[in-house]
Protein chains: 2
Amino acid sequence: MISVVILGSGNVATHLFKAFNKADGIVINQWYSRNINAIASYKNDTEVIDDLSLIKDADAYILAVSDDAISELSSQLPFENRLVMHTSGSVNIYDIDKKHKRGVFYPLQTLSKDADIDFAQVPICVETIDKKCYPIIKDLAVAIGSPTKRVNSDQRRVLHLAAVFVNNFTNQLYRIGHEVTESEGAEFDLLKPLIMETAKKVQDLSPFKAQTGPAMRNDKKTIRKHLKLLENQHHKDIYELLTTSIQHTHGRKKL
Amino acid sequence: MISVVILGSGNVATHLFKAFNKADGIVINQWYSRNINAIASYKNDTEVIDDLSLIKDADAYILAVSDDAISELSSQLPFENRLVMHTSGSVNIYDIDKKHKRGVFYPLQTLSKDADIDFAQVPICVETIDKKCYPIIKDLAVAIGSPTKRVNSDQRRVLHLAAVFVNNFTNQLYRIGHEVTESEGAEFDLLKPLIMETAKKVQDLSPFKAQTGPAMRNDKKTIRKHLKLLENQHHKDIYELLTTSIQHTHGRKKL
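All figures in this text were calculated on a predicted structure; none of them were measured in a lab. Here the residue numbering is sequential within each chain, running from 1 through the sequence in written order. Labels are handed out in written order, letters beginning with A for the chains and numbers beginning with 1 for the ligands. Residue-level local features of this predicted model are given only where pLDDT is at least 70; pairs of side-chain atoms are given and counted only at 80 or more, and the full residue set underlies all totals for whole chains, interfaces and linings. Computation of side-chain values covers all heavy atoms of the structure but excludes hydrogens and water.

UniProt positions are given in the numbering used here, feature names are shortened, and annotations may be inferred rather than shown by experiment. Mapped onto the present numbering, the UniProt feature "domain: DUF2520" (unreviewed entry) falls at residues 122–245 of chain A. Put simply, DSSP H or I for four residues or longer makes a helix, DSSP E for two residues or longer makes a strand, and each gets a number counted from the N terminus. Taken end to end, residues 122–245 of chain A has its terminal C-alpha atoms 30 Å apart, with 68% of it in helix and 6% in strand.

The criterion used for residue contact is that any of the two residues' heavy atoms lie within 4.5 Å. In this complex, chain B contributes 85 residues to the contact, which on the side of chain A involves 85 residues. For any pair of parts, buried area is found by adding up, for both, the accessible area (1.4 Å probe) each one loses once the two are put together. Roughly 8,400 Å² of surface becomes buried between chain B and chain A when both sides are summed, with 69% attributable to carbon and sulfur atoms. Whenever a carboxyl oxygen of Asp or Glu lies within 4 Å of a side-chain nitrogen of Lys or Arg, that contact is scored as a salt bridge. Where chain B touches chain A, the interface holds 4 salt bridges. A salt bridge links K221(A) to D68(B), with the nearest nitrogen and oxygen atoms 3.2 Å apart.

A few words on the packing of aromatic side chains. Each aromatic pair joins two rings of Phe, Tyr and Trp (for Trp, the six-membered one) with centres within 6.5 Å, and gets the label stacked for planes under 30 degrees apart, edge-to-face for over 60, and tilted for any other angle. Counting across every chain of the model gives 16 aromatic pairs over all chains. Seen in terms of ring centroids, F169(A) and Y239(B) are 5.0 Å apart; in terms of plane orientation they differ by 75 degrees. Their pairing is edge-to-face. With one member in each of two chains, F169(A) in helix α4 (residues 153–182) and Y239(B) in helix α9 (residues 233–249) form a pair that bridges those chains. Assessed through its relative accessible area of 1%, Y239(B) is described here as buried. Here's how the labels work: a residue is buried when its accessible area is under 20% of the maximum for its type, exposed when over 50%, partly exposed in between, all with a 1.4 Å probe on protein chains only.

Attention now moves to α4(A). All names here are of chain A. In this model, α4 (30 residues) spans 43 Å end to end at C-alpha, consistent with the 44 Å of a helix rising 1.5 Å per residue. By the criterion of burial, α4 is predominantly enclosed, with 26 of the 30 residues buried. N or O atoms closer than or at 3.5 Å make up a polar contact, with two conditions inside protein: a donor-capable atom paired with an acceptor-capable one, and, for residues adjacent in sequence, both atoms drawn from side chains. Two or three places before D154, at the opening of α4, N152 has a side-chain oxygen 3.1 Å from that residue's backbone nitrogen. What a helix is expected to span follows from its residue count: subtract one and scale by 1.5 Å.

So this is what it looks like as structure tokens:
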């Protein structure tokens, strides 16, 4: 049985609480937030606290707080030499106070507030300084059904960066698709199967091999038509830059 | 029973052939390609021809050929006043020779050569000049299990344009994610669940509401870190432009 204390009250903290709470092999000793109201509704499930001096012994402490708060909160913890992990994709493991055994438990997934999460679809990127800490972090991930991968700091940083491309930036392309279709009263819903299929395709095929379309074919006529259709200069800029990017990747001539 | 003749030998033609061939209520009278070798392997399933003078009567003729070939091929058809449709997202319905009853049967989906297609996930955008042609086109789509939507030319054009954003451009963002992760020997596979989840999220939530991440939060520290990490100037440009685009959409301050 692994005992944990969760610190923080955001999406990651809440989803980890729920997953740990129903996992065999994990016991949540406490849940800390400086804003106790945010977690008070869980007081029947675990001990909720807002005072660090009350913090109990545990095998692992999980700092699921904002990037900027990790360093200071780790210093304020009134103990040392225990396993303390943060959950961030971009914060250095050395930002955790060196009095602790330091680790990272980075869930590489978009965790929405209200949606239920299937942790089988949440790879946990694990980083440790002391190798001996690895098994306990791995066991935590396994207990909630998540695949794990040991990564170093550089790898975690580029995974976080790549996640911005495939998640936030992709979502913005969906948004532009929405704006463009609605400009003529067409339905964005018609694009939803294509959005799913585009994501599915790269589960088995590399994005390089999956590419199609006017940029890939260097179909100048269609590209010209599209640029003419786009009224928003910003959308035009994105169209041109991504078209050039595809042509660059695939060795086609420039626009 | 609706009788059809398919013209063309590319992905769209082949997938439509297979779908029509197994659909109740549709009989394929012939399959034409100027390059008969491309379709010769189907000669046990239907009559394959490469000579337009041999073309038979049918309720509908489907020009699943490249955009540039539609106009000329439609003129060469040795009959008139029958229903002739193209399958393109961007070609004008009036590019079909006016001697025919003209229509568009545009499957809004990415149809890969080798992958099996579930036509339930392929919305057919239907356009006609004469309203009387609509029911037969709709029946064809229904017979292969596809949802249909009547659209006008402007709507079809913006749907095709939006498809480039949510499919080709999104796929290029996946590609950049691949390059970025591999630059440090991290595994692109770790991003695949995130890619699926990002696509799933907008099936129920608008892309506007689904947005998260450093650009959305105006988290300048993370944005600076990411720009510093990106070695490829092209990737930097895309990062900056899409970050600005998200901030523009959500009324955040500029970079």
